[in-house]
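Structure assessment
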Amino acid sequence: MKVPLLDLTEQNSALRPEIESALGRVLDTNAFILGGEVKALEDELAEYCRTKYAIGCASGSDALLLALMAVGVKAGDEVITTPYSFFATVSAITRLGATPVFVDIDPKTFNLDVSQIEGAITERTKAIQPVHLYGQCADMEALNDVVGRHGIPVVEDAAQAIGAEENGRRAGAMSEVGCFSFYPSKNLGGMGDGGFMTTDDEQIARELVALRNHGSEERYYHKWVGVNSRLDGFQGAVLRVKLPHLDEWTDRRNQNADRYRDLFTNAGLTEQIELPFERENCRHIYNQFVIRVSGRRDELRKHLAAADVGTDIYYPVPLHLQECFEYLGYREGEFPESEKAAKETLALPIYPELRSEQQEYVVEKVRESFEEK
Ligand SMILES: *Cc1c(COP(=O)(O)O)cnc(C)c1O
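Residues numbered from 1 in each chain as written. Predicted model: local features only at pLDDT ≥ 70, side-chain atom pairs only at ≥ 80, totals over all residues. Heavy atoms only, no water.

For the rest of this paragraph, the subject is the overall build of the chain. Scanning the chain from N- to C-terminus turns up 11 helices and 15 strands. Compactness check: the chain gives a C-alpha radius of gyration of 21 Å against a globular reference of 21 Å for 373 residues, within 12% of the reference. Across its three principal axes, the chain shows a C-alpha extent of roughly 65 × 55 × 35 Å. Within the chain, buried positions represent 58% of all 373 residues. When contacts within the chain are restricted to residue pairs at least 6 apart in sequence, those whose partners lie at least 24 apart make up 71%. Per element, the accessible surface of the chain, about 16,100 Å² overall, is 47% carbon and sulfur. (Helix = DSSP H or I, 4+ residues; strand = E, 2+ residues; numbered from the N terminus. Rg over C-alpha atoms; globule rule 2.2 N^0.38 Å. Buried < 20%, exposed > 50% of the residue type's maximum accessible area, 1.4 Å probe, protein only. Contact = heavy atoms within 4.5 Å. Areas by Shrake-Rupley, 256 points an atom, 1.4 Å probe, with all protein chains shown as cover.)

This part takes up the pairing of strand β14 (residues 289–293). The buried count for β14 comes to 5 of 5 residues, which makes it a mostly enclosed element. Neither face of β14 is left uncovered, since the one carrying F289, I291 and V293 and the one carrying V290 and R292 both have all their residues buried. The pairing of β14 with strand β15 (residues 345–348) spans 4 bridges and is classified as antiparallel. Looking at the pairing, F289 lines up with L348 of β15. (Pairing = 2+ DSSP bridges.)

Here the focus is a nonpolar patch on the surface. Judged by side-chain polarity, L27, F32 and I33 come together as a nonpolar surface patch covering roughly 290 Å² of accessible area. Along the chain, the position of L27 falls in helix α1 (residues 9–29). (Patch = residues over 30% accessible without salt bridge, like charges linked within 9 Å, V, L, I, M, F, W, Y side chains within 5 Å. Salt bridge = Lys/Arg side-chain N within 4 Å of Asp/Glu carboxyl O.)

Moving on to the packing of helix α8 (residues 246–266) against helix α11 (residues 356–372). Two numbers describe how α8 lies on α11: the axes approach to 10 Å, and their chain directions differ by 40°. Classified by the angle their axes make, α8 and α11 are oblique. Both α8 and α11 take part in a crossing whose hand is right-handed. Along its contact with α8, which presents N256, R259, Y260, L263 and F264, the element α11 presents S356, Q359, E360, V362, V363 and V366. Within the contact of α8 with α11, the residues separate by chemical class into 6 nonpolar, 3 polar and 2 charged. (Axes fitted to C-alpha atoms, helices over the stretch in contact; angles between N-to-C directions. Parallel < 35°, antiparallel > 145°, perpendicular 65-115°, else oblique. Left-handed = near helix turned anticlockwise from the far one by under 90°. Nonpolar A, V, L, I, M, F, W, Y, C, P; charged D, E, K, R; others polar.)

A separate point is the nonpolar core. The biggest cluster of nonpolar side chains holds 47 residues, and the ones touching the most others in it are L45, I117, I128, L143 and I162. Going through the elements one at a time, α2 (35–49), β3 (99–102) and α5 (140–150) are the ones with two or more residues in this core. By residue number, the principal contributor to this core is α2, which donates 6 residues. Counting only domains with at least three residues in this core, you end up with domain 1 (9–244) and domain 2 (246–372). Setting aside chain neighbours within four positions, we find L143 in contact with L112, V114, I117, I128, P130 and V154. (Core = buried A, V, L, I, M, F, W, Y, C linked by side-chain atoms within 4.5 Å. Domains from an automatic or database assignment.)

Structure representation (structure tokens):
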């Protein structure tokens, strides 16, 4: 048996006729950049995320950059964020000449430890950027409580969390700007790069629309220095075919997560591996199903690879220890929970079309690996 970490074949072949006719509509109208399909998608995404506005752009990385620009982050400012995330979370900050100020993670959720935020706020703090890692919201209620006392804007990195909820509020709707990605491995993946931003603030929405298009509201007149970061018509058309299926796919990811829990528990493996923690009153969308293995993660990963089970590590190097951020002056040992997570996390296949026999096989191979020891 082969169990890839992610296999999009089934999803795409089921939708192929619809996707082809959607692409045909774009070809017929020549609306290759932004255009009607993108506009319609933006309306549908705003409704899905329960925000007033959704604005397409060229990638999740750009969504973060544009969002930070729109809330006014400039050179010399500080942005508080997590060192345990994808690289773009932090490069968006440094590309603006601002300084990332890290706060360690909560070891249970892998998200920002909100209790440490207040101590990191200075007069230069211009924004706080939590990440909803693996598809589960950071503790936004507590975070907004802290932030409310200081009046600092929040930008959510919700790239892995479309449709995730905390107390009935959706990811991207709990801050000034929410940032999302259509990278093919996300729950709503395009057929190329793409992303979008959500907001309830009319002025921010207006700036984001301009900033993604060279800061221009009227052609050849530039109010701001923006960037070229527009969503393609083809991506818009494909994503409109996929969006109506998103909740069904996310439900299946949740069913797969439940099945792993049962299988690992029945196999008596809950001492050797730690299963993902689910926060109360939250909807986890399981973009990734990440277990913790203390001590022999890399051996387990090798054993699984030899058995044709795909896995990955999100992420093996915490951002404060990346070579390009050496100038920030952080040292090993400063964020112990992030550093520990980098040595212990392992993502297992969780995609919606995964079959139960494949999950049984994965758990059997994990059991075998521990038996060998
Ligand atoms: C995927 C991802 C991004 C970047 O999205 P791209 O569309 O690949 O640029 C940013 N942050 C996180 C947490 C992500 O998972």
